[in-house]
Amino acid sequence: MALEWASITMLVLIAVVVIYISSVYLFSPEYDAREPPVLPHMIPYIGHILGLIRYGQHYFSILSAENKSLPIFTLQTASKRTYIVASASLVTACERNQKALSFFPFISAMTPRIFGIPTKGRAMEIIKHNIDGNDGNWGLVNETSKGMHSEMAPGSNLDHMNRSMLSIMATYFDELAREGGLDVDLFAWIRPRFTIASTEAIYGPGNPFKVEPGLESAFWDFDQDLTMMILGVAPRILARKGYAGRRRIQQAMIRYFGRGDHKNGLGVIKVRHDVARKYGATTSEIALFEIGDLLGVLVNAQPTFFWTLIHMYSDPALLGDIRDEILASGALKVQMSEDGRRRHTIDITTLEETCPLIVSAYREVLRLRTLSSSHRWVMEDTLLNNQYLLKKDSVLLIPGALIHADPVWGPNAKEYNPRRFLKKETNTKPGAYRAWGGGQTLCPGRFFATTEIVSAVAMVVLRFDMEPADGKGWKMPETDTTKVASSICPPKGDVKVRITEREECKGDQWGFAFAEFLNRCS
C-alpha cells in the first residue's frame, strides 16, 4: 500500500512539473529586440516575485550589481513585464512622458488592497473619477494632491505645522535632560514620540493617536503586515494583526471626523476631508482614505531622524563641525530667562539657510538610504530616450537606491559623505536625486519633513552627548529592507545608547523660535 501511494505521489509530481514546464514554453511572452534586456530567473514567472518578498526593494540593487552595464532591464513577473530603470540618465526621459508613463493606474490597483475598499463600489468610483486628469485638474485625487501641495508649501500653514511638531519634540527633549543620563534603545525611544508629535501637527488637539491608547501599536501592526495585504493572499489569515490594525485605525478616524475634530486640525487635514466630502465620500470612506496619508506622515520621518543621529554621532569630527557651524551661524540665540537660567533658542527660519553642513548631512542620509521606487504604468507603446521600447500595459519602476548609486554621484556613491551636497554641482544633477520621488509622485511633505528633522537634530546635537551604551564603539545596524511602504527603512535591530546632557549647557532651558513668534517681535 505504501509503495502504491509513493508511486501515485511521484506520478502527480511528474505531472505537475510537465504541466509547469509546458506552460512556461507555451505562454511565455515574446520580446521585441528593442525592449530592455530580460533578466531570466531559474523559477519562471514567480522567481523575481519571490526575490522581492525575501529582500524587499533591495532585490533591485542585487540584480543591478550583477548586471552593472545595463541602464535598464526587464523582469518577467507573473504575466507582466516589469522594466527597472537603473541609470540616472534615463530618469528625466521617464518623467517627461507623464501621459504615456502614468502613476495613476497604481492608485486604482493598490487602493483596494491597502485600504480594504471593494474593487467595485462607490468609493472606488469616487477615487477613479478623472484620476488621470484628462478632463482637467479636478476629481478627488487631483484636487487632494493640489490642496496638499499648497497647504504644505512654505508659508503660514507650514509654519503652524512646524511649530506644533517641534514644540512637542522640545518637551520630549526636556524630559530626556531631566533624566540626567539615560540608556535607551534609540529607535524605540524615537518612534512613539515622533508618532505623537507628527500626528499632533496635522490632526490638532483631537489627535486620535493621543486620545486613543493602543492606536499607535495598531498602526505599526498594519505597517508590518502591509506586504502580505498588498499581495492580497488571504490577508485576514496571513496578515491578521495588520488587518485588525487597519480596522482599528478606521474606527478611530470615524470617531475623529464624527466629532468634528478635523475642524481644529491643520489645513492639510481639512483639505483632504472637504475634497472627499465634495465628491460624496462618507465618513467611513474618508477614514479609510486617511490611512494612506498616515503612511506618508509616519513611516519615513522616524528612521530618517534615527539614521541622521547615528551618522553624526558615530563621526566625532562631523559632529564637532556641525556644532561649530550652528554656533557660528546666528541661528542659535542665548538669553537669560527670568529665573536666572540661560535659554537657548534655535531659530528654525534661518537654520537651514545658514547651516549648509547639517542640511547636506541630512540630504546625504536620504540619498544613501532611500529604497523606495517610483511606479509607472505604460499606457501605450513608448520609445524611451529614442532607444528602449516599453510595451503597453507593462510596469516601469525607478528604484531610488539604483539611481543614488549611479556613477553620476562619483566613485564613492555607495558611501556616506556628509559634505556631498556642499558642492554646487551636486545640487544640479537632473533626475538623479529621488529622495522625494518626482513628477506625478513628488512628495508634498518634503518641506515639513526637512524642517522637522533638521531642527530636531540640531537641538539634540547641541544639547546632548550620545555614545553606545556598551562602550564598545559605534556599529552601524543593518537595515530592514522588507518595509514596502517605507522610503527610508528602519534598522533591523535597535542601538542601545547612553544619552547625557552636555556639561556646558546642563540645566539650561531650550526651545525653538518660529516664524509666527518672530513676526510678532519684529
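Here's a quick rundown of the structure. All values derive from a computational prediction rather than experimental measurement.

Reading the values: rules and limits
- Residues numbered from 1 in each chain as written.
- Predicted model: local features only at pLDDT ≥ 70, side-chain atom pairs only at ≥ 80, totals over all residues.
- Heavy atoms only, no water.
- Helix = DSSP H or I, 4+ residues; strand = E, 2+ residues; numbered from the N terminus.
- Buried < 20%, exposed > 50% of the residue type's maximum accessible area, 1.4 Å probe, protein only.
- Pairing = 2+ DSSP bridges.
- Contact = heavy atoms within 4.5 Å.
- Axes fitted to C-alpha atoms, helices over the stretch in contact; angles between N-to-C directions.

## Brief notes about unusual backbone geometry
One non-glycine residue, Asn385, lies in the positive phi region at around 55°. Following the sequence through the fold, Asn385 ends up in the loop between β8 (382-384) and β9 (388-390). The phi torsion at Asn386 lies on the positive side, around 60°, for a residue other than glycine. Looking at the secondary structure, you find Asn386 in the loop between β8 and β9.

## Structural notes on the pairing of strand β1 (residues 72-77)
Taken across its six residues, β1 has six buried, putting it largely inside the fold. Burial along β1 is two-sided: Ile72, Thr74 and Gln76 and Phe73, Leu75 and Thr77, pointing in opposite directions, are all buried. Bridge count between β1 and strand β2 (residues 80-85): six bridges; the pairing is antiparallel. Across the sheet, residue Thr77 finds its bridge partner in β2, namely Lys80.

## Observations concerning the sheet that holds strand β7 (residues 373-378)
Two modes of strand pairing occur in sheets, parallel and antiparallel, and in both the strands are linked by backbone hydrogen bonds. If you walk across this open sheet you meet the five strands as β1-β2-β10-β7-β3, and the pairing is mixed. Only two strands of the sheet have a single neighbouring strand rather than two, namely β1 and β3 (101-102). Where helix α5 (residues 104-115) meets the sheet, its contacts fall on β3, β7 and β10 (395-399), and the angle it forms with β7 comes to roughly 100°.

## Brief notes about the environment of Gly139
Within the element layout of this structure, Gly139 appears in the loop between α6 (122-128) and α7 (140-151). In this structure, the C-alpha to C-alpha distance between Gly139 and Cys94, residues 45 residues apart in sequence, is 25 Å. In this structure Gly139 touches His129, Thr144 and Tyr279, once residues within four positions along its chain are discounted.

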